[in-house]
Amino acid sequence: MMADTVPMLDRGQGEFRPPDPDAARRWARDKDRRLVDKRITEQAAVERFVADGSYVSYDTNVWRRGPSSLMREIIRQRKRDLWLAAKFSAHDATLLTAGGCVSKIDVGWMEVGRIITDAVRDGRVKMYEWTNGALAYRHLAGALGVPFLPLRFVGGTDVFRYSGACLIEDPYTGQPVCLVPAVNPDVALIHVNQCDIYGNARVFGPGLAPVETAMASRYVVLSTEEIIDTEEIRKHPASTTIPYYVVDAVVHAPFGCYPGSVPGLYRADLEHLMEFGAAQLNGAMDAYLEKWIYSVASHTEMLEQRVGLAKMQQLQADETHTEGYYT
Amino acid sequence: MMADTVPMLDRGQGEFRPPDPDAARRWARDKDRRLVDKRITEQAAVERFVADGSYVSYDTNVWRRGPSSLMREIIRQRKRDLWLAAKFSAHDATLLTAGGCVSKIDVGWMEVGRIITDAVRDGRVKMYEWTNGALAYRHLAGALGVPFLPLRFVGGTDVFRYSGACLIEDPYTGQPVCLVPAVNPDVALIHVNQCDIYGNARVFGPGLAPVETAMASRYVVLSTEEIIDTEEIRKHPASTTIPYYVVDAVVHAPFGCYPGSVPGLYRADLEHLMEFGAAQLNGAMDAYLEKWIYSVASHTEMLEQRVGLAKMQQLQADETHTEGYYT
Amino acid sequence: MSSATSFTDNEAIITYAARLMEGQRLYFVAIGGPPLLAVLLAKQLHAPAIAYVVEDGTIAPEMRLPAPAFMIGAGLASSRAVAWTDMNTVDFHASRGYIDDGVLAAVQVDAYGNFNSTFAGGSYDRPERRFGGPGGATEIAALCWRTTLMTRLQRRKFVEKLDFVSSPGFLDGSPGARERAGMPSGTGPYRVVTERALFGFDDDTRRMKLLAVAPWSSVEDVLSDMEFEPVVPAHVETLEPPTERELDVLRTQVDPSGRTIAGDWIVLDDSREAIKSAPAVGAS
Amino acid sequence: MSSATSFTDNEAIITYAARLMEGQRLYFVAIGGPPLLAVLLAKQLHAPAIAYVVEDGTIAPEMRLPAPAFMIGAGLASSRAVAWTDMNTVDFHASRGYIDDGVLAAVQVDAYGNFNSTFAGGSYDRPERRFGGPGGATEIAALCWRTTLMTRLQRRKFVEKLDFVSSPGFLDGSPGARERAGMPSGTGPYRVVTERALFGFDDDTRRMKLLAVAPWSSVEDVLSDMEFEPVVPAHVETLEPPTERELDVLRTQVDPSGRTIAGDWIVLDDSREAIKSAPAVGAS
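As the structure is a computational prediction, the values presented were derived from the model and not from experiment.

**Here we look at the overall build of chain C**
The helix and strand tally for chain C stands at seven helices and 17 strands. Counting every position in chain C, which comprises 284 residues, the buried fraction comes to 65%. Taking all contacts inside chain C whose residues are at least 6 apart in sequence as the whole, residues at least 24 apart take part in 67%. Counting only carbon and sulfur atoms, one obtains 51% of the accessible surface of chain C, whose full area is about 9300 Å². Taking the 27 positively charged and 37 negatively charged side chains of chain C as two groups, their mean positions are separated by 3 Å.

**With respect to helix α1 (residues 9-19) of chain D**
Residue and element names in this part refer to chain D. The buried fraction of α1 amounts to 10 of the 11 residues, a majority that puts the element mostly inside the structure. Along α1, the residues classified as buried are Asp 9, Asn 10, Glu 11, Ala 12, Ile 13, Ile 14, Thr 15, Tyr 16, Ala 17 and Ala 18. For α1, the secondary structure elements touched by its buried residues are β1 (6-8), α2 (34-44), β11 (146-150), β12 (188-193), α7 (244-254) and β16 (264-268).

**Re the interface of chain D and chain A**
At the interface, 53 residues of chain D touch 50 residues of chain A. When chain D packs against chain A, the two sides together hide about 4100 Å² of surface, and 60% of this comes from carbon and sulfur. If you look at where chain D meets chain A, you find two salt bridges. Among the salt bridges present, the one from Arg 130 of chain D reaches Glu 129 of chain A, with a minimum N-O distance of 2.9 Å. Counting the contacts that link chain D with chain A gives 21 residue pairs in polar contact (both at pLDDT 80 or more). Elements with a minimum of two residues in the side of chain D that touches chain A: α3 (87-95), β10 (127-130), α4 (137-143) and α5 (177-180) of chain D. Looking at the side of chain D that touches chain A residue by residue, the class counts come to 22 nonpolar, 18 polar and 13 charged.

**Considering the environment of Asn 193 of chain A**
Residues and elements named next belong to chain A. Along the chain, Asn 193 falls in strand β9 (residues 187-195). Placed 132 residues apart in sequence, Asn 193 and Tyr 325 show a C-alpha to C-alpha distance of 9.3 Å. Beyond its immediate chain neighbours, meaning those up to four positions away, Asn 193 contacts Arg 65, Arg 202, Val 203, Phe 204, Thr 224, Glu 225, Glu 226, Val 262, Pro 263 and Tyr 326. A distance of 2.7 Å separates a polar atom in the side chain of Asn 193 from the backbone nitrogen of Phe 204.

**Details of the pattern of salt bridges**
Counted according to the given criterion, the structure contains 69 salt bridges over all chains. Of the charged contacts in the structure, one is a salt bridge between Asp 30 of chain A and Arg 29 of chain A, with a shortest N-O distance of 3.1 Å. On the basis of relative accessible area, Asp 30 of chain A is assigned to the exposed category, the value being 57%. The exposure class assigned to Arg 29 of chain A is partly exposed, which follows from its relative accessible area of 36%. Linking Arg 76 of chain B and Glu 42 of chain B is a salt bridge whose minimum nitrogen-to-oxygen distance equals 4.0 Å. Note that Arg 76 of chain B is positioned in helix α3 (residues 68-76) and Glu 42 of chain B in helix α2 (residues 42-49), a separation of 34 residues in sequence. Here the two residues Arg 76 of chain B and Glu 42 of chain B agree in accessibility, since each one is buried. Salt bridges sharing partners connect three or more residues here, namely Glu 22, Arg 25, Asp 101 and Arg 146 of chain C.

**Focus: the packing of aromatic side chains**
Counted under the stated rule, the structure contains 52 aromatic pairs over all chains. Judged by centre distance (4.1 Å) and plane angle (35°), the rings of Tyr 162 of chain B and Tyr 124 of chain C are tilted. Here Tyr 162 of chain B, found in the loop between α7 (158-161) and β7 (166-169), pairs with Tyr 124 of chain C, found in the loop between β9 (119-122) and β10 (127-130), and the two come from separate chains. On the accessibility criterion, Tyr 124 of chain C (12% relative accessible area) is buried. With a centroid separation of 5.8 Å and an interplanar angle of 20°, the aromatic rings of Tyr 124 of chain C and Phe 164 of chain C are classed as stacked. Of this pair, Tyr 124 of chain C sits in the loop between β9 and β10 while Phe 164 of chain C sits in the loop between β11 (146-150) and α5 (177-180); the two residues are 40 residues apart in sequence, bridging distant segments of the chain. Taken as a pair, Tyr 124 of chain C and Phe 164 of chain C share a single burial class, namely buried.

**Overview of the nonpolar core**
Generally speaking, nonpolar side chains in soluble globular proteins are found buried as a group. In terms of nonpolar packing, the biggest core is built from 301 residues, with Ile 105 of chain A, Ile 105 of chain B, Phe 199 of chain C together with Phe 199 of chain D touching the most fellow members. The residues contacting Ile 105 of chain B, other than those within four sequence positions of it, are Trp 83, Leu 84, Ala 86, Ala 93, Thr 97, Met 110, Ile 116, Val 125, Lys 126, Met 127 and Tyr 128 of chain B.

**Looking at the relation of the copies chain B and chain A**
Once chain B is rotated about the relating axis by 180° and shifted along it by 0.0 Å, it coincides with chain A to within an RMSD of 0.0 Å. Such values leave the two copies arranged in the relation of a two-fold axis. No C-alpha of chain B approaches the rotation axis more nearly than that of Val 6 of chain B, which lies at 2.4 Å. A high fraction, 100%, of the interface residues of chain B reappear at the interface in chain A, so the copies pair face to face through one surface.

Here is what the cut-offs are and how they apply
- Residues numbered from 1 in each chain as written.
- Chains lettered and ligands numbered in written order.
- Predicted model: local features only at pLDDT ≥ 70, side-chain atom pairs only at ≥ 80, totals over all residues.
- Heavy atoms only, no water.
- Helix = DSSP H or I, 4+ residues; strand = E, 2+ residues; numbered from the N terminus.
- Buried < 20%, exposed > 50% of the residue type's maximum accessible area, 1.4 Å probe, protein only.
- Contact = heavy atoms within 4.5 Å.
- Areas by Shrake-Rupley, 256 points an atom, 1.4 Å probe, with all protein chains shown as cover.
- Lys, Arg positive; Asp, Glu negative; His and termini not counted.
- Charge placed at Lys NZ, Arg CZ, Asp CG, Glu CD.
- Buried area = accessible area lost by both parts, 1.4 Å probe.
- Salt bridge = Lys/Arg side-chain N within 4 Å of Asp/Glu carboxyl O.
- Polar contact = N/O pair within 3.5 Å; in protein donor to acceptor, adjacent residues only side chain to side chain.
- Nonpolar A, V, L, I, M, F, W, Y, C, P; charged D, E, K, R; others polar.
- Phe/Tyr/Trp six-rings, centres within 6.5 Å; stacked < 30°, edge-to-face > 60°.
- Core = buried A, V, L, I, M, F, W, Y, C linked by side-chain atoms within 4.5 Å.
- Least-squares fit on C-alpha atoms with pLDDT ≥ 70 in both.

This is the structure in structure tokens:
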């Protein structure tokens, strides 16, 4: 039989965004349930839905099916003091840190070079230790509208000690089980393969946690390779990943993941990734940001003036594998 | 900051299958990970994987995309003392009760007539009060390999009092939150649209909880309308609902949901449903069971000798809506 | 719209429920039954933009009418949805606060909008009538922002004490009772729709409150068919009978099979007084 | 198979890890990196039936080789899978007990198989080197039945005390330590693979145990590159160097880009003594 209290066996000491399911419900309550055209520019989307200090969660990352164009716009608009959820991040966190946009990072995994290392050492950026799975799971808790979820990892590590997880005695089995707090980001940035003008979206291929991230977040900004007709959505309801009523903005962004890949559409631009890597190694990141972000007004302008049609066509031609995605 | 103990505010007094995630893990550990041909007859599947006293979870139900042929085989083999998870059940529970196979039912919703009412009144069948969502959620907990999950309903009702749920003070928000125990059924019976010989399965259309039910259960028996090539599975990995390594048996069962419908393939046989209803009203259920189950050796024989090709073709022809399922 | 002179109690209940529905809200209904029919009727009449989510995971379908006879087993009922998910997923959406209104059928209801779908009469262990259970009603009534109940006005249905509290209203009616039971704040019962009377809930006491009465009925008539006393305001509205147009759409488009709308006939004379007939064949 | 005379340390590590893999087991690897290459090598050589699950939700893919250069961003890496899911789903499968072996790269490891991928040197607040974090390693090491680690044998990597315990081995080595921390029972570290030595874990003490040493090395040589003392049994096996066939498949099929297999060269003379060369260009 169950006891009158549940022992709290251990708890992490890390700072974390406190869960508040009722507040998250109020966000949802106030959204428009009607089918309204949500298409806006990347500039308007970031102005409206990303504020200084926002907790930002993106999916996947700048290497694969991530909202690279939206992250560049965040840098272009010089947003400040963001708290990132780096659940299997790539060099996105480095880029945003180089742009001076970030002050806190919940870390699962991310590409780390001197820019992150220096920012941490100088105290400009504070890290909070989690894991990819723990962060994906915290988003799931947020998506379920519950304050926490139990899980069977994280315990016993320094990740646990530096996190917001806790260890309780399970009232059913009497065995120790960890809990992690839900996270409900201020804004989700998700790059999708297709969606309609209302935000009914399709994500092709394996992924990180696009559904959990969208469902957990206050604002949901989609960038999409392609805008399709709602009739097509209604013909194949099983293909929909995210329903319109959670979506706040739809940004049409072909090559939106560039320099990363959207599997089935275009390869990653390895030259560009090497250019980025070299810029970081050589302390030339300002020049990189100037060239690829500040000196161009938009994603489209970057594609036209920095990438070029020939390169874009080459990256598409190189992506010979479309099976399961578009065929 | 979090307290040293978590107050247990209230708890249900119902009997429930105690969660044991480590035992469920051992079931999984001992399954064959190789791609082996799992096709067997409905008779062999029920003999091997359904024992007297088994906790049985089926998905969906005898009215829509449910494993009707497997449930009839359970009655034919006169299994006893089963514990059913009636998470949006239909007249399946009535049928199995009429066959004398059932002693316990976790109730979300099910069709209830005099057979269930009498069985409960006579004490032959004991009910445990849950809801559709609570049962689907308990299966989810079982599928996640955790002992419980928190949720924000069930509390404050008599369902709570008669169930195995409890109410704790959430260590993160300090607010009351309910927990329900995981359930890991002994056997899942799931009717699918398509699968390969290894058990990589596709379920079309909205559904109850086929994924959670398969992932939570010790044994997973699939009945399938169609067996498809593994190459087809690998061409469209996004279409797979259940991966082979959780599946123990594949039973080829065209019209396996009869008299119910598999949307996109065939309509429900309303005449048959009325025959069933009349049999229950008139206390003629023994004759019904004799005609449809005991007097035929198999599902195929029932289709041939009791339903007939003309009726089957009619039910297929009547299912004019295939959009989103097969087109 | 010309008001009808004969209709069943279920037709009246479905019609009144449909009138409450608004195009900018998202509704949560079970698979089949009067609540789904009310949503379909509202979509055909005044609120075509209404979106609804079904317990089986169907999100915002646009089913082409006339509706099939056996909705619960018909793929058509899920057709032209924007997404097909599953039961847990739509419950998550409700838990997250995305679903505005739950609409549910109740067997028995009390003064605080708690309701019963488990058993009636006798005891829990030896019930006179055992029902199918709450199904999804408990989560829908707990997680949606507002809950509307549909039931007939009968003394054995509007009771002081439920035989079994299957699904939550305002529980004991005390402030914060739902929150103390683990439910989201700001949620609760909104309307109770019957064939003769429409109820809301008193903001202060959370007790059921009479809002409108059908012309052939009266406050006294309504109260005489209730075990508990609802709040009765000074002014009670008139519940206009179903119109010919409403019934026409309901009978020809929404439930052509007649399975769900069948019930006891209400026949009105010229002065809109009711002359009840015997229960119709197939009345539930 | 003729044994090779020159290969990188990473080639040796990947080859030895591949040799441990069995066709009837299900493996869990991160997206890209040496563990994935080891699985691909094993599938090409002795265990074509091996199935593996990737952290991104890819289940049992059958990628056609040669592998792409930038696996982490390549759709081809997920090709011909039996299912495409997501990160939480594959973690659920591991939590449920369906995934036999986690194979992971470690930056720093201790005597009980705990490992670090967070920072090295300095303090947590002012690290000398900050790494990318555990990624999925913590859940994989907690939830799979067995964990195999891949790392180079260096004194700064095999330490008495980790700078940071990112992912769990046997924790403090006491009986039931993992269970007390909330992890499933019957799980834990299985092998640690380096370019010169293969380790297991002592059944009684759960301390790392030397199982095999490369011919150009020795027990003394191995111990001299470890801060802690592993259990050293009376008999230590010989770790056969990579064969020409293994290296050929690894270099031409599994990592034709050479990005991951690049490392310090190990060159053997006729007596199979090592003559180390300078680090290769692009060594990680």
